[in-house]
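The residues making up each chain are set out below.
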Amino acid sequence: MTRIALWDTRRNDAQKDFAGGMGVGLHPGLGGIGGQIVRMMYRRDYRPVALNFAYLAAVSRKLGFRVTYLEDRLSDADIFFFNPSLQTLEIEKQAMVQAMTRYPHCKVFVTGTVAWAMPGQFTEIGARVIRGEAEQLLFRWEETINSAEPVIDIGTVSDLDSLPFPDWSCFDWSRFRIKYDFWRFPTALIQQSRGCTFQCNYCPYIVIENKTRFRSPESVLEEIRYGQKRYGFESFKFRDPLFGLNRKKAVELAEGIARLPRRIQFSIETRIDIMKFETLEALRDAGLTAITVGIETPSEETLRRYSRQPIRDDRQREFVARCREMGIRTVAGFMVGFPEDTEASIMGVMDYARQLNPTWANFNIVTPYPGTRFHEEVREQIADHDYSKYSVYQPVMKYRYLTARQVSELHARCFNKFYFRSRYFVDNARLIWPQLRRFAG
Ligand code: SF4
């Protein structure tokens, strides 16, 4: 029987499923005691492995192969699959070389967004790149595995309902937990749709494609039921970059989830301007506990410069406030460290975050991801090509008015000034500690 190995690492704090598969890191704990507390909060999680691996496991099993998951170790296999993040690029390349040296009969394939954007990184060491969605292997196994090409283009899955459900059985799934979204565990990753139709030029989610594909609500519900029964999953994090773009499917799914005999918690990611309050209410009634949204910056000029469609300020304020009233946590992403940022513009982002006062604020340092239009535009302004630093927590660019050190310090200050103030706790305590609701009545 063909032996498949899925090689993975969590080193450099890599969270591979995020930033469109490029991966992000964790808050490094800079900025004194405040920074260390924020890092500690994030480290309480044990994030699920990337969904890409769970689909690879499912596809490989469906084809009749034996699957092993290897975290930071090697053992003999016929085929190794890698799904690298940018931050772990060098670590993974070393592991690929070791696998090929130690097991000369094996084949090494690299999948995912980093492989798509930077195939040369892997072909130069003798690994083969699968460009497209790895699940296509279900339909194109023989031609892909036997191809002599260094880069094999296999496209994307046209019918998402034709895929088997992600197979979590070879991972440490009972430990999976994402505490900023949920308080019941273990947590699974799931998708109702793939892709995004917007054009934000820094965004790695649209590197592979700029359109959206959907699953039927019935198929998603079936996967949730299976996840509850087979693994005991209590919470599901939807990994769609734009959940709810198809409102009808979102509402149908919400109604189906609400009818499940065992209630679940779930979270979504979306844009504020596509989510109607009626849809939000239906999702909340079904068990929605958290919603991730990108606010980025209050500067409309900056948003337009990087092809991000701005959302009205009053709509953003109303959205965060209504979510709070409905008992839904908001996880808001902000961006600092654009090439033309100043101390005033970064503090402006922080001030705006404090006014909105979401349950969690992530201040991300602008990162030029290979494969994005932003990367092409700012190529000359990239100061650091050490990808282990591409974590959204370290500055890697040349800034017109600031040094990298200043950006780093201002970034740490954003976290400290956002979290350590009384209004943050007054507004958000009931959401952060839902147990308090019982006492408050
Ligand atoms: S809305 Fe913009 S940032 Fe969000 S996934 Fe789409 S392209 Fe990316």
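Just so it is clear, the model here is predicted, and its values are computed rather than measured.

Structurally, alanine 115 is set in helix H4 (residues 113-117). When the 25 C-beta atoms within 10 Å are taken as the criterion, alanine 115 is described as buried. Sequence-wise, alanine 115 and glycine 23 are 92 residues apart; in three dimensions their C-alpha atoms are separated by 12 Å. Apart from the residues lying within four places of it in its own chain, the contact partners of alanine 115 are Pro84, Val110, Phe122, Val129, Ile130 and Arg131.

The ligand sits among Cys196, Phe198, Cys200, Cys203, Tyr205, Ile206, Pro241, Leu242, Arg271 and Gly294. Class assignment for the residues of the shell around the ligand results in eight nonpolar, one polar and one charged.

Time to look at the nonpolar core. Counting 118 residues, the largest nonpolar core has Leu6, Phe334, Val336 and Cys414 as its most contacted members. Ranked by residues supplied to this core, first place goes to helix H2 (residues 51-62) with eight residues. Formed jointly, this core draws a minimum of three residues from each of two domains, domain 1 (3-32 + 50-158) and domain 2 (177-434). Each residue touching cysteine 414, except ones within four places of it in the same chain, is listed here: Val336, Ile346, Val349, Met350 and Phe363.

Interhelical geometry of helix H12 (residues 343-356) versus helix H14 (residues 404-419) gives an angle of 20° and a closest axis separation of 10 Å. Judged by the inter-axis angle, H12 sits roughly parallel to H14. Regarding H12 and H14, the two cross each other, and that crossing is right-handed. Judged by residue contacts, Glu343, Ile346, Val349, Met350, Ala353 and Arg354 of H12 engage Leu410, Cys414, Lys417 and Phe418 from H14. The residue makeup of the contact of H12 with H14, split by class, is seven nonpolar, no polar and three charged.

Take the domain arrangement of the protein chain next. Interfaces are frequently sized by the accessible area removed from exposure as the parts join. With domains assigned, the protein chain is organised as domain 1 (3-32 + 50-158) and domain 2 (177-434). The centre of domain 1, based on its C-alpha atoms, is set 26 Å off from the matching centre of domain 2. Facing the 22 residues of domain 1 at the interface are 23 residues of domain 2. Looking at the side of domain 1 that touches domain 2 element by element, the count peaks at three residues for H4. When the residues that make up the side of domain 1 that touches domain 2 are grouped by side-chain class, the tally is eleven nonpolar, nine polar and two charged.

Turning our attention to the sheet that holds strand E13 (residues 329-336). Hydrogen bonds along the backbone pair up the strands of a sheet, which may run parallel or antiparallel. Overall, parallel pairing links the six strands, which are arranged E7-E10-E11-E12-E13-E14 in an open sheet. The strands lining the two open edges of the sheet, one partner per strand, are strand E7 (187-190) and strand E14 (360-365). In this sheet, adjacent strand axes meet at a mean angle of 20° when their direction is disregarded. Bridge count for E13 against E14 is six bridges, and the pairing is parallel.

Where helix H9 (residues 277-286) is concerned, the buried positions are Leu280, Ala282, Leu283 and Ala286. Viewed along the axis of H9, the buried residues span an arc of 160°, placing them on a single side of the element. Where the residues of H9 are buried, they touch helix H8 (247-258), strand E12 (288-296) and helix H11 (313-326). Directly beyond the C-terminal end of H9, a positive phi value near 125° is found at glycine 287.

Parameters and conventions
Residues numbered from 1 in each chain as written. Predicted model: local features only at pLDDT ≥ 70, side-chain atom pairs only at ≥ 80, totals over all residues. Helix = DSSP H or I, 4+ residues; strand = E, 2+ residues; numbered from the N terminus. Buried ≥ 20, exposed ≤ 12 C-beta atoms within 10 Å, placed from the backbone. Contact = placed C-beta atoms within 7 Å. Near = placed C-beta within 6 Å. Nonpolar A, V, L, I, M, F, W, Y, C, P; charged D, E, K, R; others polar. Core = buried A, V, L, I, M, F, W, Y, C linked by C-beta atoms within 7 Å. Domains from an automatic or database assignment. Axes fitted to C-alpha atoms, helices over the stretch in contact; angles between N-to-C directions. Parallel < 35°, antiparallel > 145°, perpendicular 65-115°, else oblique. Left-handed = near helix turned anticlockwise from the far one by under 90°. Pairing = 2+ DSSP bridges. Arc of directions from axis to C-beta.

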